[in-house]
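Close look at the chain arrangement
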Amino acid sequence: MAAIRFDQAQPKRLAYILLGLSLFSLPFGWGPGSNLLLLLLALISFIALKAQDWKYSLSSPLTLASWFFFLLYLLSLLYSDDLNSGQRELETKLSFFLGPPILVALGRYFSSKEKRNLQIIFILACVGSLISALAYAGFRAWDHQALSYIKPNGSQEHFFFLYETLSEPFMHPGYLSTLFGIAILLLVKNLWVEFLDLKRSISWGLILFLGLGLFLLQGRINILALGIVLGTMTLWRLVKLKRWRWLFGGAGFIAFLILGFLSFAPQSVKERYLAFPDFSYDLSGSNFNSATYRLAEWECAWEAIQQEPWFGYGIGDSKEQLLKTYQEKGFLEGYERRYNAHNQYLETSLATGALGLTSLLVLLAVYTRRAYKLNRQVLVASMLFFCICLLTESMFERAWAIVSFNVFFPFFLSDDKGA
């Protein structure tokens, strides 16, 4: 019986379907289903890929950078006291070890057109998750006969169509906002060069709808990051094409949106978006806004890092050391709520020190450079967007963000068929 080869039609078709389902599952946060899909992809890869495919993927800078990042966390178990916690955290990061070699190897068998079709699937999944979240929020609002509710023994008002309550069926709003931001960047690129099989009118509609989703999810760093990246791309393009009327018209439209927000947005929403950091905050107090919470977390994380700057505390002990620092400095709000550092660069430094931080920066630089080398500007923009989002979210401390990164970027940054 002849061996199964990936360049045959049947295994490639099956892998294409599984990749589409995997990308579709990302915005829905369906962990067990996604793990099963990725397991099936791995099985097909081990059976049907050729030796030169593995040689290609195992020597890829994408794989090597991911493995180096994962290896430092693995080695940090040697100086972690809480091995059980460390092993659990290491399992969360396992896709850094498994994802890139498999996705990079698979990616070289698919053409640019096939990859663009898979990107459309990802975009439609983001749209579908937002529709589902809005529908569920509408059902809950109808069931409660109100737009908000207060939890038992609580005082905070939770709005069904906003922030964590809206994204609750799927994942943390910061992670879902990140996926929406990447989808918006893909759609904006399609407006400029129509590289997806989507009409411009459809692209505009989807951009506005996902933009509304970003606003409702209140992912401030995601909106800021998208504004920086998209604003830079647009400014460069308009100046290059000398579209001065479009440039001034766009600036006027943005000013109109800001004025409308300040005039008509609910007070609770304005407070969320206009929560500026107050550097005179009381670390031991309880009067925090979302910005000063971050400042307090970063202050404590930085102090903990300074005590073990080179190798950190190990993957098993870093969280408890951060909580201990919260307690020592009197940041009881952070200690009682067991907040993480809300910054991946600090989070990695806590666990693996300066060496780990270097590996994280190398990982992000390698992926960004790869996108630039392949002339895939939208993926360069997506990587820069992702890097900014890491400033206020510990994205690589949660399985869903890790899986999303290690499925999306390695696959779309692999060589195209025939390239």
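Below: a short report on this structure. Please read these numbers as outputs of a predicted model, since none were measured by experiment. (Residues numbered from 1 in each chain as written. Predicted model: local features only at pLDDT ≥ 70, side-chain atom pairs only at ≥ 80, totals over all residues. Heavy atoms only, no water.)

When you go through the chain residue by residue, the secondary structure sums to 19 helices and two strands. Within the chain, the proportion of its 419 residues that are buried is 53%. Expressed as a percentage of contacts within the chain between residues at least 6 apart in sequence, the contacts between residues at least 24 apart total 73%. (Helix = DSSP H or I, 4+ residues; strand = E, 2+ residues; numbered from the N terminus. Buried < 20%, exposed > 50% of the residue type's maximum accessible area, 1.4 Å probe, protein only. Contact = heavy atoms within 4.5 Å.)

Moving on to the nonpolar core. The biggest cluster of nonpolar side chains holds 104 residues, and the ones touching the most others in it are Phe 122, Leu 185, Leu 210, Phe 396 and Phe 408. For Phe 122, the residues in contact, after removing those within four places along its chain, are Leu 23, Pro 27, Leu 179, Ile 182, Ala 183, Leu 186 and Phe 408. Core analysis: the next-biggest nonpolar cluster, separate from the first, contains 16 residues, Leu 283, Ile 305, Tyr 339 and Leu 346 among them. (Core = buried A, V, L, I, M, F, W, Y, C linked by side-chain atoms within 4.5 Å.)

Counted by the stated rule, this structure contains 26 aromatic pairs. The positively charged end of Lys 93 is found above the aromatic ring belonging to Tyr 73, 4.9 Å away from the centroid. The lysine or arginine in question, Lys 115, covers the ring of Phe 411, its NZ or CZ lying 5.5 Å from the ring centre. (Phe/Tyr/Trp six-rings, centres within 6.5 Å; stacked < 30°, edge-to-face > 60°. Lys NZ or Arg CZ within 6 Å of the ring centre and 35° of its normal.)

Before going further, it helps to spend a moment on helix α2 (residues 31-48). The end-to-end C-alpha distance of α2, which contains 18 residues, comes to 26 Å, matching closely the 26 Å that a straight helix rising 1.5 Å per residue would cover. All buried positions along α2 are accounted for by Gly 31, Gly 33, Ser 34, Leu 37, Leu 41, Ala 42, Ile 44, Ser 45 and Ala 48. (Expected span 1.5 Å × (residues − 1).)

For helix α4 (residues 61-75), which comprises 15 residues, the first-to-last C-alpha distance of 21 Å matches the rise-based estimate of 21 Å (1.5 Å per residue) to within 8%. Among the residues of α4, those classed as buried are Leu 62, Thr 63, Ala 65, Ser 66, Phe 69, Phe 70, Leu 72 and Tyr 73. On its buried side, α4 packs onto α3 (51-58), α5 (83-92), α6 (95-107), α17 (344-373) and α19 (399-412).

There is a patch of nonpolar side chains on the surface, built from Phe 68, Leu 71, Leu 74, Leu 75, Leu 78, Tyr 79, Trp 310, Phe 311 and Leu 355 and spanning about 930 Å² of accessible area. Sorting elements by how many residues they give to the nonpolar patch places α4 first, with four residues. On the secondary structure map, Phe 68 appears in helix α4. (Patch = residues over 30% accessible without salt bridge, like charges linked within 9 Å, V, L, I, M, F, W, Y side chains within 5 Å. Areas by Shrake-Rupley, 256 points an atom, 1.4 Å probe, with all protein chains shown as cover. Salt bridge = Lys/Arg side-chain N within 4 Å of Asp/Glu carboxyl O.)

Okay, the pattern of salt bridges next. On inspection of all chains with the given rule, the structure shows 11 salt bridges. The partner of Lys 93 in a salt bridge is Glu 89, and the shortest N-O contact between them spans 4.0 Å. The exposure class of Lys 93 is buried, given its relative accessible area of 1%. In this structure, Arg 338 and Glu 320 form a salt bridge, with 2.7 Å as the shortest nitrogen-oxygen distance. Of the two residues, Arg 338 is situated in the loop between α16 (332-337) and α17 and Glu 320 in helix α15 (residues 318-329); the sequence distance between them amounts to 18 residues. What emerges from the salt-bridge pattern is a single network uniting Glu 89, Lys 93 and Glu 397.

Here Val 127 shows up in helix α7 (residues 112-144). Judged by relative accessible area, which is 9%, Val 127 ranks as buried. Aside from chain neighbours lying at most four places away, what touches Val 127 is Leu 206, Phe 209 and Leu 210.

Think of two packed helices as two axes; the pair is described by the angle between the axes and how far apart they sit. Remark: helix α18 (residues 377-389) packs on α19, axes separated minimally by 11 Å, with the N-to-C direction vectors making an angle of 150 degrees. By the angle class used here, α18 and α19 are roughly antiparallel. Crossing geometry of α18 relative to α19 is assigned as left-handed. In this structure, α18 uses Leu 379, Ser 382, Met 383 and Phe 386 to contact α19, whose residues at the interface are Phe 405, Phe 408, Phe 409 and Phe 412. Considered class by class, the residues forming the contact of α18 with α19 number seven nonpolar, one polar and no charged. (Axes fitted to C-alpha atoms, helices over the stretch in contact; angles between N-to-C directions. Parallel < 35°, antiparallel > 145°, perpendicular 65-115°, else oblique. Left-handed = near helix turned anticlockwise from the far one by under 90°. Nonpolar A, V, L, I, M, F, W, Y, C, P; charged D, E, K, R; others polar.)

All chains considered together, the criterion is met by zero disulfides. Take Cys 387: it sits in no disulfide, and the sulfur closest to it among the cysteines is that of Cys 389, at 9.2 Å. Judged by its relative accessible area of 16%, Cys 387 is buried. (Disulfide = S-S within 2.5 Å.)

A separate point is the side chain of Asn 222. Secondary-structure assignment places Asn 222 in helix α11 (residues 220-241). Side-chain polar atoms of Asn 222 contact the backbone oxygen of Gly 174, separated by 3.4 Å. Asn 222 has contacts with Gly 174, Ser 177, Thr 178, Leu 214, Phe 385 and Cys 389, leaving out every residue within four places of it along the chain. (Polar contact = N/O pair within 3.5 Å; in protein donor to acceptor, adjacent residues only side chain to side chain.)

Read these as layout, nothing more, since geometry by itself doesn't imply function.
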